[in-house]
Amino acid sequence: EEDTLGGERTTQVDAAEEIENAKESETLETTQTQTPKPEKSKKRQQKSGGGFELFELLSGTSRSPPAVKKDAKKGAERKAEEQAERKVAEEVQKGEQEAAEKAAVQGEEEKGQDQSEKMTKEEALRKVKEAVEKEAKEEAAKKAKQEAQRKAKEESLRKVREEAQKKAKEEAERKAQQEAERKAKQEADRKAKEEAAKKAKEEAEKTARQIKEKEEAQRKSREQAESKKRMVQKEQQKDQTTFVAPPPTSASPAKKAKARADGGFELLLTRKAKKNEGEFIGAVDVGDKRTPDSSNESQKPKDTEEKKQKPVGEGIGMQTGGGASQSVKDQKIRQKTDGGLRILEWAGAVVPQGAVVSVARTGWREAWKQMLKELAPQSAEGEYIRPSYGIRGDADLSRGGFHLYLGHACPWCHRVALSLALQGLYSESLKVDGEGKGRGEGKSPVTVSYMTDDPERASRGGWAFTDTAGDGEEGEAELGHLKGSPDPLFGARDLRQVYDRCSDGGRFRGRCTAPLLVDSETGTIVSNESEDIVKMIDRLGGGSLFGGVDSEGLEEIYTKINNGVYRCGFSTSQEAYRRAHSDVFEGLARVDGLLSSSRYLPRQGWGGAGAKGTSNSNSKGSQQPSALDVWLFPTVVRFDGVYSSLFKCGGKKIKSDFPHVLAWAQDLWEKEEVRRTFEVDLAIQSYFRNLFPLNPSGIIPNGPSLEDIGLWREQGSQERRMAGREAAKRKTLGKKKVQKNMFF
């Protein structure tokens, strides 16, 4: 547009210049037209004016006729000349007139041309004006468009703000509704609790009344029985002689005194007069020589009321429990007994027992739930949600210089230890020098240190190092490494210090979990995710564990079995526990069915298994352990000893209810490297001692031992393994019941 306007302006300027030049030419011609006539015309006029002077002379009388004729001739000539001059003048005038007309016509033409030039200039000016107006219009249109865009943008922003405000309002209303529902639910729960407390109170009162009535009935029944018994005794005393057997002659006076002080007894015998036979009927307090001998009238009470108050059998241990000395012993025992705060005793006089019990139960449960949430995060439905603290990474372990931190109690650490064992690297990895590197001729590129699970010593998390390497007991020195050792890399006190040393700024923020793989050469963390570490170890050993493994199988074992037992143990609602419990035993049934036709878990065919856990037609038996076996084994060996009781995974056990899983575990346990990765006693102690929200008493159960869960310490025989598998097959077919010690 600028180029076009520039060309039009140039044309208009050129046209204006031409118009100015034409005006200058017109002015010059006009000036020439108005110029005076030449001098020759003026002289001719002067000559023609001489004729008048001739007539003046002829009118005088002083001149002669010839002169007159001559003068006339001259006058005629002069007249002719004048006529000629007039004619010439007329011609000149005519020519001038024609010239003037011509000039007028030319002027008209020039005027028309000037008018045309003027019109051209006006046209140019008009075009310029139109161009300017057009440019102004375009500028105005551009500004209008920009204004429209701005308004549209503002409108869009306004709509976005309104939409955001609308959503915020809806969210606020939703939250308000949820809060109202929550409060309503709390109010309903409170009312339900009050109603339950009220019902419990009524039930307690009803129970108390029933107990009181029962006690009253029992008391009456006892009184009737005692009355009847006294009558029978009176009848029997007529033909019996009662005496007190003397103490043994060998007893010294000191022993007799001690027996008397301790509430000792002497036998009370009766001798029937007719048959002369001794019959034991009770014991008499040594310190009280009174006997119920009816034949001795001096010992019978004389007052009838005294007989009613003091039964005949008083003082006989069989009837009174040992008399006064026994009461002293009971009092001593009560004095040594710790009865707590005796809340039920003093509160029972103010509030019904049912209300006290209900409040105590509710308070205990809420405190337990809060403590468990600190240990195991929960969903709104009370289901355990495993947090993610993973530092994911990868490295080529073949170059060496890597160190693993493991904890024996942790099943995820057990995964890593198993992967080393199945690659034949576990024993060598335990040989660590002072710098955390392997030692010996066949030193491993990855070294291992074990930590102990002690949350009281650890500053964060539960893993701490020991001052010295653990020693085995009672011939178990080969398992001493599982009890912990000092940190060979940094000399750290606990795992948190290792995380701090390997983090930027010397401070790690987060939960310090194991397993942990550290590059000892750079002092950095490679990974603390067990799956990543197992894959790195598998590549180091040739990739036999993950080759051809179905990822759905790994996910199913983890979700239903590995994490399923923790979901059972850490559930805070009955429904969440029920779902987790169902998943655990559904998963175990599935793998038991798969192992019925395979030595190890099949690597493929997990996606199409039936509901009962049998393998589909695409699954093939496996003769080599894989990552699937590594995933399953740590949970199986801990199940009967820990998970079935502490985590409430009850109802079934591996040893008695999943024979194919047990035979599979026994097969893996035959490998010496595998046996060095686990000690059941240490696992039980760690779980029951440190998971105090699940075991607040801290009492560690006795057993089960390795033999109790179906394993053994020494290497078994091929016959024993085959016997276990045959027994599993027989149990599956239901042909013979498995004996208690069949798998040993």
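These numbers come from a predicted model, not from an experiment. (Residues numbered from 1 in each chain as written. Predicted model: local features only at pLDDT ≥ 70, side-chain atom pairs only at ≥ 80, totals over all residues. Heavy atoms only, no water.)

J.: Got a sec to walk through the overall build of the protein? Specific residues and values, please.
T.: Helix and strand content of the protein: 22 helices and eight strands. A burial count over the protein gives 34% of its 744 residues as buried. Here the contacts in the protein between residues at least 6 apart in sequence split such that 66% fall between residues at least 24 apart. When the accessible surface of the protein is totalled, it reaches about 46500 Å², and 51% of it is carbon and sulfur. (Helix = DSSP H or I, 4+ residues; strand = E, 2+ residues; numbered from the N terminus. Buried < 20%, exposed > 50% of the residue type's maximum accessible area, 1.4 Å probe, protein only. Contact = heavy atoms within 4.5 Å. Areas by Shrake-Rupley, 256 points an atom, 1.4 Å probe, with all protein chains shown as cover.)

J.: Describe the pairing of strand 5 (residues 446-453), with residues and values.
T.: When you tally the buried positions in strand 5, you get eight out of eight residues, the bulk of the element. Looking at chain direction, strand 4 (residues 402-407) and strand 5 are connected through six bridges and run parallel. Its bridge partner being in strand 5, Leu404 is matched across the sheet by Val448. Note: strand 5 against strand 6 (residues 463-464), two bridges, orientation antiparallel. Bridging from a neighbouring strand, Thr452 pairs with Ala464 of strand 6. (Pairing = 2+ DSSP bridges.)

J.: An account of empty space enclosed by the protein is requested, with residue identities and associated values reported.
T.: Under the criterion given, the structure shown has five cavities of 30 Å³ or more. Roughly 60 Å³ of volume is contained in the largest cavity. Lining the largest cavity are Val636, Val637, Asp640, Ile654, Leu662, Ala665, Ile709 and Leu711. Of all the elements in the fold, those that place two or more residues in the lining of the largest cavity are helix 17 (627-643) and helix 19 (659-669). Here the lining of the largest cavity gets three residues from one element, more than from any other, and that element is helix 17. (1 Å grid on protein atoms, 1.4 Å probe; cavity = no way out; pocket = protein on both sides within 12 Å on 5 of 7 lines; lining within 4 Å. Points joined across faces, edges and corners; volume = space filled by probe spheres on them.)

J.: Give me the packing of helix 17 against helix 21 (residues 680-690): which residues, what numbers.
T.: Where helix 17 contacts helix 21, the axes come no closer than 10 Å and their chain directions differ by 50°. Relative to helix 21, the element helix 17 lies oblique. By crossing handedness, the relation of helix 17 to helix 21 is classed as right-handed. Here Arg638, Gly641, Val642 and Tyr643 of helix 17 lie close against helix 21, whose contacting residues are Ala683, Ile684, Tyr687 and Phe688. A per-class count over the contact of helix 17 with helix 21 returns six nonpolar, one polar and one charged. (Axes fitted to C-alpha atoms, helices over the stretch in contact; angles between N-to-C directions. Parallel < 35°, antiparallel > 145°, perpendicular 65-115°, else oblique. Left-handed = near helix turned anticlockwise from the far one by under 90°. Nonpolar A, V, L, I, M, F, W, Y, C, P; charged D, E, K, R; others polar.)

J.: Outline the nonpolar core, listing residues and values.
T.: Formed by 101 residues in total, the largest nonpolar core has its most connected members in Leu404, Phe647 and Trp664. Considering each element in turn, this core owes the most residues, eleven residues, to helix 17. (Core = buried A, V, L, I, M, F, W, Y, C linked by side-chain atoms within 4.5 Å.)

J.: Lay out the packing of helix 11 (residues 411-422) against helix 14 (residues 530-540) with the relevant residues and their values.
T.: Between helix 11 and helix 14, whose axes approach to 9 Å, the crossing angle comes to 5°. In this view, helix 11 runs roughly parallel relative to helix 14, as classed from their interaxial angle. Across from Trp412, Arg415, Val416, Ser419 and Leu420 in helix 11, the residues of helix 14 making contact are Ser530, Glu531, Ile533, Val534 and Ile537. Considered class by class, the residues forming the contact of helix 11 with helix 14 number six nonpolar, two polar and two charged.

J.: Please give an account of the layout of surface pockets that cites residues and values.
T.: Rolled over the atoms, a probe with the dimensions of a water molecule shows which regions are left empty. The computed volume of the largest pocket comes to approximately 1500 Å³. Along the walls of the largest pocket sit 46 residues, with Tyr384, Arg386, Trp412, Arg511 and Thr513 positioned nearest its centre. Breaking the lining of the largest pocket down by element, the ones donating at least two residues are helix 10 (353-375), helix 11, helix 14, helix 15 (551-569) and helix 21. The element that contributes the greatest number of residues to the lining of the largest pocket is helix 15, accounting for five residues. By residue class, the composition of the lining of the largest pocket is 25 nonpolar, ten polar and eleven charged.

J.: So what's going on with a negative patch on the surface? Residues and values would help.
T.: A contiguous patch of negative charge, built from Glu90, Glu91, Glu98 and Glu101, is present on the exposed surface. Within the fold, Glu90 resides in helix 4 (residues 65-236). (Patch = residues over 30% accessible without salt bridge, like charges linked within 9 Å, V, L, I, M, F, W, Y side chains within 5 Å. Salt bridge = Lys/Arg side-chain N within 4 Å of Asp/Glu carboxyl O. Lys, Arg positive; Asp, Glu negative; His and termini not counted. Charge placed at Lys NZ, Arg CZ, Asp CG, Glu CD.)

J.: Talk me through the pattern of salt bridges; I want residue IDs and the actual numbers.
T.: Where charged atoms from two side chains of opposite charge approach closely, those side chains can pair. Taken as a whole, this structure holds 27 salt bridges when the rule is applied. For Glu187, the salt bridge is made with Arg190, and the minimal N-O distance between the two is 2.1 Å. Placement of both Glu187 and Arg190 in helix 4 is noted, with a separation of three residues, approximately one turn of the helix. Taken together, the shared-partner salt bridges connect Glu383, Arg567, Glu575, Arg578, Arg579 and Asp583 into one network.

J.: Talk me through the packing of aromatic side chains; I want residue IDs and the actual numbers.
T.: Scanning all chains against the criterion turns up 16 aromatic pairs. Aromatic side chains Tyr405 and Phe465 sit 5.6 Å apart centroid to centroid with 70° between the ring planes, which places their arrangement in the edge-to-face category. One end of the pair, Tyr405, is in strand 4; the other, Phe465, is in the loop between strand 6 and helix 13 (495-501), with 60 residues separating them in the sequence. Taking relative accessible area as the criterion, Tyr405 reaches 0% and is therefore assigned buried. In this structure Phe465 comes out as buried when scored by relative accessible area, which is 2%. An angle of 80° between the planes, with centres 6.0 Å apart, marks the rings of Phe647 and Tyr687 as edge-to-face. With a gap of 40 residues between them, Phe647 in the loop between helix 17 and helix 18 (654-657) and Tyr687 in helix 21 connect regions that are remote in the sequence. By relative accessible area, Tyr687 is classed as buried at 5%. Aromatic ring contacts, followed pair by pair, group Tyr384, Trp412, Tyr558, Tyr566, Phe570, Tyr643, Phe647 and Tyr687 into a single cluster. In this structure, Arg415 is placed above the aromatic ring of Trp631, and the distance from its NZ or CZ to the ring centre is 3.9 Å. (Phe/Tyr/Trp six-rings, centres within 6.5 Å; stacked < 30°, edge-to-face > 60°. Lys NZ or Arg CZ within 6 Å of the ring centre and 35° of its normal.)

J.: Break down the sheet that holds strand 5 for me, citing the residues and quoting the values.
T.: On the basis of which strands lie adjacent, the open sheet formed by five strands has the order 6-5-4-7-8 and mixed pairing. The open sheet has two edge strands, strand 6 and strand 8 (524-527), and neither has a second partner. Pairing between strand 4 and strand 7 (residues 516-519): four bridges, direction antiparallel. What sits directly across from Phe402, in strand 7, is Asp519.

J.: Give me the lowdown on the pairing of strand 7, citing residues and values where you can.
T.: Residues Leu516 and Val518 of strand 7 are buried on one face, and the alternating residues Leu517 and Asp519, pointing to the opposite face, are buried as well. Here strand 7 pairs with strand 8 via three bridges, running antiparallel. Residue pairing across strands places Val518 opposite Ile525, the latter belonging to strand 8. Between strand 7 and the antiparallel strand that follows it, strand 8, lie four residues; Gly523 among them carries a positive phi value of about 70°.

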